[in-house]
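# A structural walkthrough
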Amino acid sequence: MSILGIINSDPEIRQSIEFTFKNKNDQDLLFLIQNDEIIEFIKYTMPELVVINFSDPVIKIDKIIRQIKNDRLIFNFGIIGIFDSSKRREEELLEKYKSINVLAMLDNYCIRSHLLKSIEIIEQNYQLIFQKEFTKTFLEGACGKFIIDNDVRAVPLYASIGATILSQRGLINSDRKMHLQLALIELIMNAIEHGNCGISYEEKTKSMEEGVSSLDLITEKCKDPAVKKKKVYFNWDIKPDKTTFVIRDEGKGFDVKSLLKEIKNQDNFSLHGRGIKMAKKLSSKLRYNDKGNQATMVVNHDKLIENDVPAGFKQEKVIKVRKGQVVIKEGDSSDYLYYISSGTFEVLHNGAKVGSLSAHDIFMGEMSFLLNQRRSATIKATSAGKLIQMTQKTFINIIREYPHYGIFLSKLLAKRIVRSNEQAASKKR
């Protein structure tokens, strides 16, 4: 990442961020304050990551968010949020901004300790989070794994990635993304706190009564090298209709039945067992192994997620497709470009399936459309859906009115070329 856009006017926040990056010479910081320059940066730079001070005293953040959200094609970037916990709770902000791609939310005092760590984790998982064109197999099924240290700073970000990979691919809606993120945070924190660090129910209760935070308690426990080296294993397995999350720690485990019984008898305001309560409410199934050091949560996918129609496309023809309908036929002329609002589709070449498309792919049939070539594949709906149909003349007129769409499309096609080159290179190895 060469330029990191930072939407902030607070001089103290700026000072903390500059201090954090003082030894990172490969990262250019661009502080943005004025509304016009913020919108212009996002439209024409099309960043993949932006830092936003959601507690900024000068910038009208909500107005900026509304402006950007009206333009579906440019509102694709990840966000690291900064906030003042003395004024707003993190859960409130996640609820308010659940429809945008907030990957991490950092309290002001955590900037120097957490910001760089968050960016490093995002960079390590860059392809998974942002380059959706490289991960089409998520719709057919895919799995992945994170190995997490007993580092509380990293937990919200790993949980956010777990929720984001489903949300960005249209498998869960924004409400469920936010709740899934919070549930995963709690379950991973449980694995660190009660599993790896061995903090008992009674010990946590006593520390809370004495004003000692969970973070302080975990930090104290991790002074023991044997505790510090333990890991949390966070796995996911994505199928077309559901995703299974498995969180395992290296602790001694616990009496699952006794704890679940105790949690059931607690009032709703108890902080104990909050993660288990949230996970049970969100998931279709939550179970623990006999030892008590592994939680498995199954999340059913939403049936239909629909993309907002971008500005400029709203007057174009809407095509409603049914399951089994052929939208594009191999060998036909490329008269139209399609924006995918909803639905899933399979790509067939010479009768064999070679790929899949959904709303997260944004366009359908753009290569042959732009090159004036005949269609190279057949595209068939595997579910009901909705498409926006455009002629070449219409699309050119839209780009004239919204020139940044041309940049977006160029970037999208460049990524797909890189993907093809990488696939070709991997076959030669």
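Going by the structure above, here's the rest.
Figured I'd write up the structure that's included with this text. Treat the numbers as computed from the prediction; the structure is a model and nothing was measured. (Residues numbered from 1 in each chain as written. Predicted model: local features only at pLDDT ≥ 70, side-chain atom pairs only at ≥ 80, totals over all residues. Heavy atoms only, no water.)

### Remarks on the overall build of the protein
Scanning the protein for helices and strands turns up 16 helices and 18 strands. Taking all 429 residues of the protein together, the buried fraction comes to 50%. Residue pairs in contact within the protein that sit at least 24 positions apart in sequence constitute 75% of those at least 6 positions apart. Carbon and sulfur atoms make up 49% of the accessible area of the protein, which totals about 21,400 Å². (Helix = DSSP H or I, 4+ residues; strand = E, 2+ residues; numbered from the N terminus. Buried < 20%, exposed > 50% of the residue type's maximum accessible area, 1.4 Å probe, protein only. Contact = heavy atoms within 4.5 Å. Areas by Shrake-Rupley, 256 points an atom, 1.4 Å probe, with all protein chains shown as cover.)

### Description of unusual backbone geometry
Note: most residues except glycine have negative phi, and most peptide bonds are trans. In this model, Asn 350 sits at a positive phi of 55°, which is unusual for a non-glycine residue. Mapped onto the fold, Asn 350 is located in the loop between β14 (344–349) and β15 (352–358). Its relative accessible area of 64% is what places Asn 350 among the exposed residues.

### So, the sheet that holds strand β16 (residues 363–364)
Spatial ordering of the open sheet is given by β11-β18-β13-β16, a layout of four strands whose pairing is antiparallel. If you trace the sheet from one side to the other, it starts and ends with β11 (317–321) and β16, each paired once. Where helix α15 (residues 392–401) meets the sheet, its contacts fall on β13 (336–342) and β18 (385–391), and the angle it forms with β18 comes to roughly 85°. (Pairing = 2+ DSSP bridges. Axes fitted to C-alpha atoms, helices over the stretch in contact; angles between N-to-C directions.)

### Describing the packing of helix α5 (residues 111–124) against helix α7 (residues 155–167)
Two numbers describe how α5 lies on α7: the axes approach to 10 Å, and their chain directions differ by 35°. Of the two possible hands of crossing, α5 and α7 adopt the one that is right-handed. In this structure, α5 uses Ser 118, Ile 121 and Ile 122 to contact α7, whose residues at the interface are Leu 157, Tyr 158 and Ile 161. For the contact of α5 with α7, the class distribution of residues is five nonpolar, one polar and no charged. (Left-handed = near helix turned anticlockwise from the far one by under 90°. Nonpolar A, V, L, I, M, F, W, Y, C, P; charged D, E, K, R; others polar.)

### Here's the deal with the environment of Ile 122
Structurally, Ile 122 is set in helix α5. You can call Ile 122 buried: its relative accessible area is 0%. C-alpha separation for the pair Ile 122 and Tyr 158, spaced 36 residues apart in sequence, amounts to 9.1 Å.

### Points about the sheet that holds β14
One open sheet holds the four strands; their spatial order is β12-β17-β14-β15, and the pairing between them is antiparallel. The open sheet terminates on both sides in strands that have one partner only, identified here as β12 (326–328) and β15. Taking the axes of each pair of neighbouring strands and ignoring which way they run, one obtains an average angle of 30° across the sheet. In terms of strand pairing, β14 meets strand β17 (residues 378–381) through four bridges, oriented antiparallel. Bridge assignment links Leu 348 to a residue of β17, and that residue is Thr 378.

### As for helix α2 (residues 35–45)
Residues three or four positions apart in an α-helix share a direction because the helix packs 3.6 residues into each turn. Looking only at α2, the buried set comprises Ile 38, Ile 39, Phe 41 and Ile 42. In a view along the axis of α2, the buried residues occupy a sector of 160°, so they form one face of it. For α2, the exposed residues set more than 90 degrees away from the buried face come down to Asp 36 and Glu 40. In this structure, the buried side of α2 is in contact with β1 (3–7), β2 (28–32), β3 (49–53) and α3 (61–69). The first or second residue beyond α2 is Met 46, which carries a positive phi of 50°. (Arc of directions from axis to C-beta.)

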